[in-house]
Amino acid sequence: MHQIIRHFTDDDLYKFTMCCAVIENYPRTQVKYRFNDRDNTIYPPGFAAELTRQIKMLEDVVITDREIDFMRRRCRYIPSWFYSFLKGFRYDSRWVTVAQDRDGHLSVEFEGSWSNTILLEVKVLAIISELYYMMTGVSETLDYEGYYRRSWNKAARLISEGCMFSDFGTRRRASFRSQDTAVRAMKDCDSGSGGPGHFIGTSNVYLAMKYNLTPVGTMAHEFICAIAGMYGPQMANFLAMKTWANTYRGALGTFLYDTYGWRIFSLNFSEDYANMFKGLRVDSGDNRRQLDMIIEKYRSLNIDPLTKQIVFSNALDVDAAIELQRYAAGKCQPSYGIGTHFTNDFPGVKPMNIVIKLLAVKITESWPFYFETCKLSEDQGKYSGNPATVRRFMETLHLR
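How each quantity is defined
Residues numbered from 1 in each chain as written. Predicted model: local features only at pLDDT ≥ 70, side-chain atom pairs only at ≥ 80, totals over all residues. Heavy atoms only, no water. Pairing = 2+ DSSP bridges. Helix = DSSP H or I, 4+ residues; strand = E, 2+ residues; numbered from the N terminus. Right-handed = clockwise from strand over helix to strand, strands pointing away. Axes fitted to C-alpha atoms, helices over the stretch in contact; angles between N-to-C directions. Parallel < 35°, antiparallel > 145°, perpendicular 65-115°, else oblique. Contact = heavy atoms within 4.5 Å. Nonpolar A, V, L, I, M, F, W, Y, C, P; charged D, E, K, R; others polar. Core = buried A, V, L, I, M, F, W, Y, C linked by side-chain atoms within 4.5 Å. Buried < 20%, exposed > 50% of the residue type's maximum accessible area, 1.4 Å probe, protein only. Disulfide = S-S within 2.5 Å. Expected span 1.5 Å × (residues − 1). Salt bridge = Lys/Arg side-chain N within 4 Å of Asp/Glu carboxyl O.

*Asks:* Explain the pairing of strand 8 (residues 279-282) to me, using residue names and the numbers behind them.
*Replies:* By the bridge criterion, three bridges tie strand 7 (residues 254-256) to strand 8 in an arrangement that is parallel. Bridge pairing in strand 8 links F255 to L280. Across four bridges, the pairing between strand 8 and strand 9 (residues 309-312) is parallel. Its bridge partner lying in strand 9, L280 is registered against I310. Once you follow strand 8 into helix 14 (residues 287-300) and on to strand 9, the crossover reads as right-handed.

*Asks:* Please give an account of the pairing of strand 1 (residues 30-37) that cites residues and values.
*Replies:* Inspection of the sheet shows strand 1 paired to strand 3 (residues 106-113) by five bridges, in the antiparallel sense. What sits directly across from Y33, in strand 3, is F110. One ladder, built from eight bridges, connects strand 1 with strand 11 (residues 354-362); its direction is antiparallel. The residue bridging K32 from the neighbouring strand is A360, located in strand 11.

*Asks:* Mind laying out the packing of helix 7 (residues 144-160) against helix 15 (residues 318-328), listing which residues take part and the relevant values?
*Replies:* Where helix 7 contacts helix 15, the axes come no closer than 10 Å and their chain directions differ by 5°. Taken together, helix 7 and helix 15 sit at an angle that is classed as roughly parallel. Each of K154, R157 and L158 in helix 7 lies in contact with helix 15, whose residues at this interface are V318, D319, A321 and I322. Of the residues belonging to the contact of helix 7 with helix 15, the class tally is four nonpolar, no polar and three charged.

*Asks:* Before we move on, could you go through the sheet that holds strand 2 (residues 96-100) and cite the residues and values that matter?
*Replies:* A sheet is described by the order of its strands in space; here five strands give the open sequence 2-3-1-11-12, paired in antiparallel fashion. The sheet terminates laterally at strand 2 and strand 12 (371-372), the two strands that pair on one side only. With two bridges connecting them, strand 11 and strand 12 associate as antiparallel partners. Its bridge partner lying in strand 12, A360 is registered against E372. Sheet contacts for helix 2 (residues 47-57): strand 2 and strand 3; angle to strand 2, the most-contacted strand, approximately 160°.

*Asks:* Help me get a handle on the nonpolar core, residues and values and all.
*Replies:* Counting residues in each nonpolar core, the largest one holds 137 residues, and the members touching the most others are W114, I128, F165, F223, F255, Y260 and L280. It is helix 6 (residues 121-135) that provides the largest number of residues to this core, a total of ten residues. If near-sequence neighbours (up to four positions away) are discounted, L280 is found in contact with T254, F255, Y257, W262, F265, F269, I294, Y298, Q309, I310 and V311.

*Asks:* I'd like to hear about the environment of R281, residue by residue, with values.
*Replies:* Along the chain, R281 falls in strand 8. Looking at R281, the relative accessible area reads 14%, which means it is buried. Distance from R281 to V361, taken between C-alpha atoms, is 25 Å for residues 80 residues apart in sequence. Not counting the four nearest positions on each side in its chain, R281 is found in contact with F168, M219, T254, F255, L256, Y257, V311 and S313.

*Asks:* Break down the packing of helix 1 (residues 13-25) against helix 11 (residues 236-248) for me, with residues and values.
*Replies:* Describing two packed helices takes the angle between their axes plus the distance from one axis to the other. Running from amino to carboxyl end, helix 1 crosses helix 11 at an angle of 95°, the nearest separation of the two axes being 10 Å. The orientation of helix 1 relative to helix 11 falls into the category roughly perpendicular. Contacts from T17, M18, C20, A21, E24 and N25 in helix 1 reach T243, W244, N246, T247 and Y248 in helix 11.

*Asks:* Outline the state of the cysteines, supporting the account with residue identities and numerical values.
*Replies:* Considering all chains together, one arrives at zero disulfides under this definition. Here C19 stays free of any disulfide, with the sulfur of C20 as its closest cysteine sulfur at 7.4 Å. Unpaired in terms of disulfides, C163 finds its nearest cysteine sulfur in C332, a separation of 12 Å.

*Asks:* Hey, could you go over helix 14 for me, with residue numbers and the actual values?
*Replies:* The first and last C-alpha atoms of helix 14 sit 20 Å apart over 14 residues, in line with the 20 Å expected at 1.5 Å per residue. Burial in helix 14 covers these residues: N287, Q290, L291, M293, I294, I295, K297 and Y298. On its buried face, helix 14 sits against helix 12 (262-268), helix 13 (271-276), strand 8, strand 9 and helix 15. Note on helix 14: the residue one or two positions beyond its end, N302, has a positive phi of about 60°.

*Asks:* How would you summarise the environment of R400 if you had to cite specific residues and measurements?
*Replies:* Inspection of the secondary structure assignment puts R400 in the segment after helix 17 (387-396). Excluding residues within four positions of it along the chain, R400 makes contact with Q380 and Y383.

*Asks:* Let's hear about the sheet that holds strand 7: which residues, and what values?
*Replies:* One open sheet holds the seven strands; their spatial order is 6-5-4-10-9-8-7, and the pairing between them is parallel. The sheet is open, and its two edges are formed by strand 6 (214-215) and strand 7, each paired on a single side. In this fold helix 8 (residues 176-191) packs onto strand 4 (164-167) and strand 5 (198-202), with an angle of close to 150° to the strand it touches most, strand 5.

*Asks:* Break down the environment of D60 for me, citing the residues and quoting the values.
*Replies:* Summarising the element assignment, D60 is placed in the loop between helix 2 and helix 3 (65-74). Along the primary structure D60 and Y211 are separated by 151 residues, whereas in three dimensions their C-alpha atoms are 25 Å apart.

*Asks:* Describe the pattern of salt bridges, listing the residues and the values that go with them.
*Replies:* Tallied over the full model, the rule gives 20 salt bridges. Between E222 and K15 there is a salt bridge whose closest N-O contact spans 2.5 Å. In this pair, E222 sits in helix 10 (residues 221-231) while K15 sits in helix 1, placing the two residues 207 residues apart along the sequence. Residue E222 shares its accessibility class with K15, and that shared class is buried.

*Asks:* Would you mind going over unusual backbone geometry in detail, with residue names and values included?
*Replies:* With the exception of glycine, the majority of residues adopt a negative phi angle, and the majority of peptide bonds are in the trans configuration. Backbone geometry at L252 places phi at a positive 50°, although glycine is not the residue there. Located in the positive-phi region is A315, a residue other than glycine, with phi close to 50°. If you trace the backbone, A315 turns up in the loop between strand 9 and helix 15. The class of A315 is exposed, set by a relative accessible area of 72%.

Below you can see the structure in the form of structure tokens.
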């Protein structure tokens, strides 16, 4: 089978921005990650062996001068030293353990330095998703000409409704070609449109370079989860904001607040950080209710919500984004990060419901044991971590 990941920056921007912050603030931290297939998929025989081969091939994927030049120009907030790190970076398949049981269930784990393993998640998920469709024969049925037209029409609807939107779909795409097709179609639509909305860009750095778009992204839950594992969840959001501000000095100021729910974040969200950060990202819970709470919090701090950007990214499709736009317009600066609906929406094809989550962390390699961590979002269905750890964190945070 062909090599699925062939470009170093065929990855989401937030992995690079978090990697930079990790090196600058937590250079010796060690971590463990674990794969979770929420649908308990039965994978074809030999899947683990081919996945292992694909991960081994990542060792030969290195960043090019062209990719570095693009990131220097379009990601000016990233310090220059980080590109020296990327130029010397090499993946190591020994960080990854892959297995498949008799029933076909897949197991994947990462372990190693946080600054190294952080760059595996999106690539491995993209490999798993595309490889599954290849090995089950689905890939041969995909109609990319039709997909271009459907993607163009999605963009046209969003633009006509005044939506500012981005592609967030690398992790669970049907294939690299499907994401490439969707991004190309949406850019073409945006270039010829006079509507009030706009296709902002894509989280995929390589495709942003290919189509001269803005790479979009900031951070993921793992950043807050790791800090909570090391120092406790009560002040994890505050410490994450402080660390992020120390690295980016006010740039990349959209904070992902729902790692441990709105209540504890709201207690950590002081006026100085509310003013410093450009806005917040909504990734779980009822979108309208979350927006109302955010607006109320800003007003309590004497901050005009109309000056703040709210990015919605909670399992959106075009219809949901348009409905939210009609509700949020005039209340804040809404925008929309849409993932699987953009990159894996072929008729008759079921998108995979797969994630890789941070499981445990230790402050330095010299510690003899790990601290387990978890995520407690506004949706219980999105909780991740061992049940005992989830209960412990819930008790600590006085959640139900």
